[in-house]
Amino acid sequence: MSYRMSLMPRSTQGIMATVTLAMLPGTWLYGLQYGPVVWLQVIWCLLLALLVEMGALYLCRKSLARGLSDLSWLVCALILARALPLMTPLWMMAIASVVALGLVKHANGGLGANRLNPAMAGLAVVAICFYQQLMPAPDLNTPWTLGLTAQEVLLHQLQLEPRYPVDIMTGATPLSGGALDEPAPLLSWIGYLGGGLLLAAMRVIRFEIPLAMITCSVSLCILAGHSAQESLHSLSLGGYVFTAFFIATDPVTSPDNRSARILFGATIGVVTELVREFGLYADGLCFAVLVANLLVPDLNRLGLRLHRPWHQAA
Amino acid sequence: MQCITHAPREQRQGFKWRTLFNLSLIPPKKWYGGVRLQDHKSLSNQVPIRSVSIGRMLLTIPVEQGRSRAAPCVKAGEKVFKGQVIATGDSKNLWAHASTSGTVRGVVSIPVADRDHTSEAILLESDGLDRWGPREQANIPSSLSELAEYAMRMGLAGLGGAGFPTGLKLGGAGTPDLLLINGAECEPFLTCDDRLMRERAADVIQAADYLAKLSGVSNTFIGVESNKPEAIRSLRQATAAAGSSVKIRTLPARYPAGGQPMLVRALSGRRLRPGQLPAEIGVQVLNVASLYALGRAVFHGEPLISRVVTLTGRCKHPGNYEVPLGYPVNLLRKIAEPDSDARDIHVGGPMMGRKLEEIDAVTGKTSSCLIFGANRLWPAKGDESDCIRCNRCVDACPMALQPMSLLEAARSRNQHDLKQLRLDACIECGACSQVCPSNLPLRDSFRAIKKEALICRTG
């Protein structure tokens, strides 16, 4: 029997493959924007994810072919590659991969059993433990990584070269630096937005999560005293669109009913904005997602109370 | 109780400000969930209902129907006419009748297509003459209790799928004010009700009018899915011709539109809560084929000895056939002439039915459809993988349950969670298994755990 929703992928592999494909245009634009470091990071993350997944499957005594064929490691690797700051050393990527796939996913019982988003947990561990050693994000107006050759990047990633001098970098985000006037050259977020909308149209992801997230962030930003234009522009920074469409919408770690999903998106939006406004970190997306992940069971219960089945009397 | 059964359709109350903020404001007559299935009805609904030939052959007529069990009252060697009582029931058990004329050869046990267990049955060697015996006087019952008793004596059972005795249903209906006739036929391969409504609409309407008058209901609705425009047209014509007040309503072509709660909601706007009987909300629900059989019994004195069976799938002669009860499936296969590679038979619809394992099975009152070569038409599901909580099953569940959480609870046998998540509300329609991208056996596990719970309670 087949049901008539031709755009909807029918299998778990199909879903994962669609998500991967939808991520590619954004990743490609991201690569154009910041140079070969993006591609090297993607390749490293893919390799590490594959290794960690295979190791974890072996340790859990699960079938290697079946475990790898669901392609969830591929999605996780691509998300991790985009979420980790550029110029991250290889060993940090390895730690992030082990935390993401090994600890969060497989130690919790495999695909579908984790409460935290694996990639975000991996990123959080790196971001918290090795805060000083991370390179500040190359911002839109000074994409300093663009000038580096693949060889230089590789040497840096393998830490065979001393750290770059700090004065290359601009520490602050454009929002607080006031560099909003010049339009940035290539905007990877447009690619991610396109991919995300495609996924929403194919009903692979739930549109209410990014929508609630964006609405909350923007309105909070306006409440905090920024102009509407500034608030909207803040959405294009720091992988916000990517997080909204590809990370927050992870079905495993998001709630099970619509009202709860709206609250879930709102939580992420609010926490992100609070961290951006008052926090120590330049971007709080990762922490916001983890906070919301932890709230999921409660949101689920709350959502079920708001939602009444059609066959129950009003 | 009285005030509930006589409650008029939910009336629109005065505007309340609260409704503006009510997130779960649901329009009347609407239900959520379900899946839109690929239609395969045109395979078998192109030709009129044909009858199968009864030559000199062996029929095995089951005398059991669900929990009802009749006591055989004929001896081996006895000659019987078509329609003659061969097993007597009582107020709880359906009577059984000979499907054709011939000689009784004994009592055997036989698997019935579409049923779990083998059934006690009477072996009948037909004489090929198909002669009716003296029919019952056409004394039309004039009260509902009389009709209920008559229906038991005529062996009438629900032909939609559950096979619940029509007599018990009529007897336990209380005082309904709405009569709802289920002509949805939402299973994608079945066309037996479709053809029946197209060809015998007048009889259906006559029976509906009769039953409506007898039970004193104010409104009768026949719900037909929108993918059967010919049936709807023919029913409307018959209604106009008979000057009847029966109303034909189009249902959304969304599986399971024919499920009882969904049908009641779509036709009357009333809400049938899980565990509630239709009688409690003042409605009487009957399948269209059962209603037709009731009409035949009342106006023509014919007991239920045959039913329309859809033969479809990969075969040379798909279509609908009027098949006497106890007809061997093997002979039906010969009639349909399945393709050489279509060896397997699926009985019932693809959603609710099952694979037929026993090749010596016979047709019973609920065997609605035989699909040949099913494993080519809908390939078996792949290996199951882990649930990624994609929520498709939640969206598809017509009863607004959480199938994925239910599966988790069913696997860990967590009775408390199963109760909390309302396993009892599950109507086992299989929409969740259908949409699951991980091929999880959702419906099958719910069925198994329900059966287990039932055994625990009774045993």
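Residues numbered from 1 in each chain as written. Chains lettered and ligands numbered in written order. Predicted model: local features only at pLDDT ≥ 70, side-chain atom pairs only at ≥ 80, totals over all residues.

J.: Residues and numbers for the overall build of chain B, please.
T.: Regarding its fold elements, chain B presents 16 helices and 19 strands. A globule of 459 residues ought to have a C-alpha radius of gyration of about 23 Å, and chain B, at 22 Å, matches this closely. Expressed as lengths along the three principal axes of its C-alpha atoms, the size of chain B is roughly 75 × 50 × 45 Å. Across the 459 residues of chain B, 52% fall into the buried class. (Helix = DSSP H or I, 4+ residues; strand = E, 2+ residues; numbered from the N terminus. Rg over C-alpha atoms; globule rule 2.2 N^0.38 Å. Buried ≥ 20, exposed ≤ 12 C-beta atoms within 10 Å, placed from the backbone.)

J.: I'd like to hear about the overall build of chain A, residue by residue, with values.
T.: Counting its regular elements, chain A contains 14 helices and zero strands. Going from N to C terminus, chain A has its helices and strands arranged as α-α-α-α-α-α-α-α-α-α-α-α-α-α. Long-range pairs, those at least 24 residues apart, make up 80% of the contacts in chain A between residues at least 6 apart in sequence. (Contact = placed C-beta atoms within 7 Å.)

J.: Account for the sheet that holds strand E14 (residues 283-287) of chain B, naming residues and giving values.
T.: Residues and elements named next belong to chain B. If you walk across this open sheet you meet the four strands as E13-E12-E11-E14, and the pairing is parallel. Edge positions in the sheet fall to strand E13 (247-251) and E14, since each has one partner strand and no second. Strand-to-strand twist in this sheet, taken as the mean axis angle between neighbours without regard to direction, amounts to 25°. On top of the sheet, helix H7 (residues 229-242) reaches strand E11 (178-183), strand E12 (219-225) and E13; it is set at about 165° to E13, its chief contact. Docked against the sheet, helix H8 (residues 260-268) engages E11, E12, E13 and E14, running at close to 120° with respect to E11. (Pairing = 2+ DSSP bridges. Axes fitted to C-alpha atoms, helices over the stretch in contact; angles between N-to-C directions.)

J.: Describe unusual backbone geometry, with residues and values.
T.: All names here are of chain B. Backbone torsion omega between Tyr-255 and Pro-256 reads -5°, so that peptide bond is classified as cis. Along the chain, Pro-256 turns up in the loop between E13 and H8. Of note, Glu-337 is a non-glycine position whose phi angle comes to about 50°, a positive value. Relative to the elements of secondary structure, Glu-337 occurs in the loop between helix H10 (329-336) and strand E17 (345-347). Judged by C-beta crowding, with 14 C-beta atoms within 10 Å, Glu-337 ranks as partly exposed.

J.: Can you break down the interface of chain B and chain A residue by residue, with the values?
T.: Counting residues at the interface gives 36 residues for chain B and 27 residues for chain A. When contributions to the side of chain B that touches chain A are tallied by element, the ones reaching two or more residues are H8 and helix H15 (431-435) of chain B. Per-class residue counts for the side of chain B that touches chain A are 20 nonpolar, eight polar and eight charged. (Nonpolar A, V, L, I, M, F, W, Y, C, P; charged D, E, K, R; others polar.)

J.: An account of the UniProt feature "transmembrane region" (unreviewed entry) in chain A is needed here, citing residue identities and associated values.
T.: Residues and elements named next belong to chain A. Annotation from UniProt places "transmembrane region" (unreviewed entry) at residues 12-32, 38-60, 90-107, 119-135 and 184-202. Counted over residues 38-60, helix gives 96% and strand 0%. Its end C-alpha atoms are 32 Å apart. Secondary structure content for residues 90-107 is 94% helix and 0% strand, and the end C-alpha separation is 23 Å. (UniProt positions renumbered as here; feature names shortened; annotations may be inferred.)

J.: Got a sec to walk through the nonpolar core? Specific residues and values, please.
T.: Grouped together as the largest cluster of nonpolar side chains are 220 residues, with contacts concentrated most on Leu-80 of chain A together with Ala-208 of chain B. The residues that make up this core include at least three from each of domain 1 (35-170) and domain 2 (173-314) of chain A. (Core = buried A, V, L, I, M, F, W, Y, C linked by C-beta atoms within 7 Å. Domains from an automatic or database assignment.)

J.: Give me the lowdown on the sheet that holds strand E5 (residues 71-72) of chain B, citing residues and values where you can.
T.: All names here are of chain B. Spatial ordering of the open sheet is given by E5-E7-E8, a layout of three strands whose pairing is antiparallel. Each having just a single partner strand, E5 and strand E8 (96-97) make up the two edges of the open sheet. Here E5 pairs with strand E7 (residues 85-88) via two bridges, running antiparallel. Residue pairing across strands places Pro-72 opposite Ala-87, the latter belonging to E7.

J.: Now, about helix H10 (residues 208-223) of chain A: what can you tell me, with residues and values included?
T.: Every α-helix winds through 3.6 residues per turn, so residues three or four apart in the chain are directed the same way. Residue and element names in this part refer to chain A. When the terminal C-alpha atoms of H10 are compared, their 22 Å separation across 16 residues agrees well with the 22 Å that a helix rising 1.5 Å per residue should span. Those residues of H10 hidden inside the fold are in contact with helix H9 (188-201), helix H11 (228-234), helix H12 (240-247) and helix H13 (258-278). Of the residues flanking the end of H10, it is Gly-225, one or two places downstream, whose phi is positive at about 105°. (Expected span 1.5 Å × (residues − 1).)

J.: Hey, could you go over the packing of helix H6 (residues 118-129) of chain A against helix H14 (residues 285-306) of chain A for me, with residue numbers and the actual values?
T.: Residue and element names in this part refer to chain A. Look at H6 against H14: their axes get within 9 Å of each other, and the N-to-C directions meet at 130°. The orientation of H6 relative to H14 falls into the category oblique. The element H6 and its partner H14 pack so that their crossing is left-handed. Contacts between H6 and H14 pair Met-120, Ala-121, Leu-123, Ala-124 and Ala-127 from the former with Cys-286, Phe-287, Val-289 and Leu-290 from the latter. Residue classes in the contact of H6 with H14 are distributed as nine nonpolar, no polar and no charged. (Parallel < 35°, antiparallel > 145°, perpendicular 65-115°, else oblique. Left-handed = near helix turned anticlockwise from the far one by under 90°.)

J.: I'd like to hear about the pairing of E12 of chain B, residue by residue, with values.
T.: Residue and element names in this part refer to chain B. For E12, the tally of buried residues reaches six of seven residues, placing the bulk of the element in the interior. As paired strands, E11 and E12 are joined by six bridges and run parallel to one another. Looking at E12, one finds that Leu-178 is bridged to Asn-219. As paired elements, E12 and E13 share five bridges and run parallel to each other. Residue Phe-221 lies in a different strand from E13, and its bridge partner there is Lys-247. Regarding topology, H7 serves as the crossover connection from E12 to the parallel E13, and that connection is right-handed. (Right-handed = clockwise from strand over helix to strand, strands pointing away.)

J.: Go over helix H2 (residues 36-59) of chain A, please, and point to the residues and values.
T.: All names here are of chain A. For H2, which comprises 24 residues, the first-to-last C-alpha distance of 35 Å matches the rise-based estimate of 34 Å (1.5 Å per residue) to within 8%. What H2 keeps buried is the set Val-37, Val-38, Leu-40, Gln-41, Trp-44, Cys-45, Leu-48, Ala-49, Val-52, Glu-53, Ala-56 and Leu-57. Next to the buried residues of H2 lie helix H1 (12-34), helix H3 (64-69), helix H4 (72-83), helix H5 (90-106) and helix H7 (150-157). Downstream of H2 by a residue or two, Arg-61 has a phi angle that is positive, lying close to 55°.

J.: Help me get a handle on the packing of H2 of chain A against H4 of chain A, residues and values and all.
T.: Residues and elements named next belong to chain A. For the pair H2 and H4, interaxial distance at closest approach is 8 Å and the crossing angle is 140°. The pairing of H2 with H4 is recorded here as oblique in orientation. The two elements H2 and H4 meet at a crossing, and its hand is right-handed. For the pair H2 and H4, contact is made by Gln-41, Val-42, Cys-45, Leu-46, Ala-49, Leu-50 and Glu-53 and by Trp-73, Cys-76, Ala-77, Leu-78, Leu-80 and Ala-81, respectively. Classifying every residue of the contact of H2 with H4 gives 11 nonpolar, one polar and one charged.

J.: I'd like a description of the environment of Ala-148 of chain B, backed by residues and values.
T.: All names here are of chain B. Here Ala-148 shows up in helix H3 (residues 144-153). Under the C-beta neighbour-count criterion, Ala-148 is labelled buried, with 22 such atoms within 10 Å. Residues Ala-148 and Leu-421, spaced 273 residues apart in sequence, show a C-alpha to C-alpha distance of 37 Å. Once you skip the residues sitting within four places of it in the chain, Ala-148 turns out to touch Gly-167, Leu-170 and Gly-171.

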